[in-house]
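Structural features, examined
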Amino acid sequence: VACNGWNRAETLRLAACLEEHFPHPVAKAVVRQAAAEGLEHDEHHAMVEYVTAHGVASCLEGSRVLLGSRHFVEEDEGVDVTPLDQHVDRWNEQGYTILYLTMGGELLAGFALDDPPRPEAAQVISALRSMGVQRVIMLTGDLDGMAERMAREIGITEWVAQALPDDKFRYIKELKHNGHTVAMVGDGLNDAAALAEASVGCCMRRGADMARDAADIVLTQNELMALPLLRSLATATLSRVQGNFGFIVGANSLLLLGGLFGVTSPPLGAFLHNAATVAVAANALRPYSLPAITSGGSR
């Protein structure tokens, strides 16, 4: 919705011209909408600056151009955004992500973006809970309305909205301080610090470069169903390691006792020791039979 004498085509063209430089999903949505409406956008602006967790900034014809959150343009930059309050109230009720476009300290337009959850998100969360994950918490920079709608759709009961990168980092650190083992899943530049702080940081394959560098695990497929499969594989691997360790310690202990009390001869002890080693190695090489991932059950 354009305002202050600007029209939709002008503002969408300018917004797409700014956002085309960034891989963020919100930026891609703006560029995609401009393309769908056949709006071409030649670049006349200066270098575009990405302001972490806020938006983007540039300069056009000597005027500072901003595109980002209300916190960014109103509180940080002092731009009056009240001309769009009527529309913004409706968008907030519908749970949309909202961007503001300004130039030279004047509001040009507001953009409402629908951010649907991944189709598999609810099933993944249910599957993780059925596997023993006790708490699932959503940390998001979105407004309360969007966060509440998203949480309701995918079955999350705990969430923190309007979370900046530092907020996410502190929240993860506090959870760890309270004795929790925390797995953090994210893919954005704003998630990098939290991914590094988490007990296990997991990034999507198409995530930002900094997020992938900070994560312990990068998913080879860009879908969330890999998460319960990863947890199942990790649990099975640890179980096998512990079983093999217990077996080899027990077998060697018995062989030592047998040799100490003269029950086993040195050749027999050496044979049984090597046989146990081969048996453990063969057991470690067995393929894993992972349980089927279902969406039923919770814990």
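Here's a quick rundown of the structure.

What counts, and at which threshold
Residues numbered from 1 in each chain as written. Predicted model: local features only at pLDDT ≥ 70, side-chain atom pairs only at ≥ 80, totals over all residues. Heavy atoms only, no water. Disulfide = S-S within 2.5 Å. Buried < 20%, exposed > 50% of the residue type's maximum accessible area, 1.4 Å probe, protein only. Helix = DSSP H or I, 4+ residues; strand = E, 2+ residues; numbered from the N terminus. Pairing = 2+ DSSP bridges. Core = buried A, V, L, I, M, F, W, Y, C linked by side-chain atoms within 4.5 Å. Contact = heavy atoms within 4.5 Å.

Scanning all chains against the criterion turns up 0 disulfides. Free cysteine: Cys3, not disulfide-bonded; nearest cysteine sulfur from Cys17 at 20 Å. Lacking any disulfide linkage, Cys202 is separated from the closest cysteine sulfur, that of Cys203, by 7.5 Å. Judged by relative accessible area, Cys202 falls into the buried class, the value being 5%.

Right, let's talk about the pairing of strand 5 (residues 106–113) for a bit. For strand 5, the buried fraction is high: 6 of the 8 residues fall into the buried class. Pairing of strand 4 (residues 97–103) with strand 5, which is carried by 7 bridges, proceeds in the antiparallel orientation. Bridge pairing in strand 5 places Leu101 opposite Ala109. Following strand 4, the chain reverses through 2 residues before pairing antiparallel with strand 5; Gly104 in that reversal takes a positive phi of roughly 60°.

In this section: the nonpolar core. Counting residues in hydrophobic clusters, the biggest one holds 22 residues, and the most contacted among them are Leu18, Val30, Val65, Leu67, Leu101 and Phe111. Where this core is concerned, the elements lending two or more residues are helix 1 (8–19), helix 2 (25–36), strand 2 (55–60), strand 3 (63–68), strand 4 and strand 5. In terms of residues, this core owes the most to one element, helix 1, which gives 5 residues. Apart from the residues within four sequence positions on either side, Val30 is in contact with Leu12, Ala15, Ala16, Glu19, Leu99 and Leu113. The next biggest cluster of nonpolar side chains, apart from the first, holds 21 residues, and it includes Ile125, Met138, Ala161 and Ala226.

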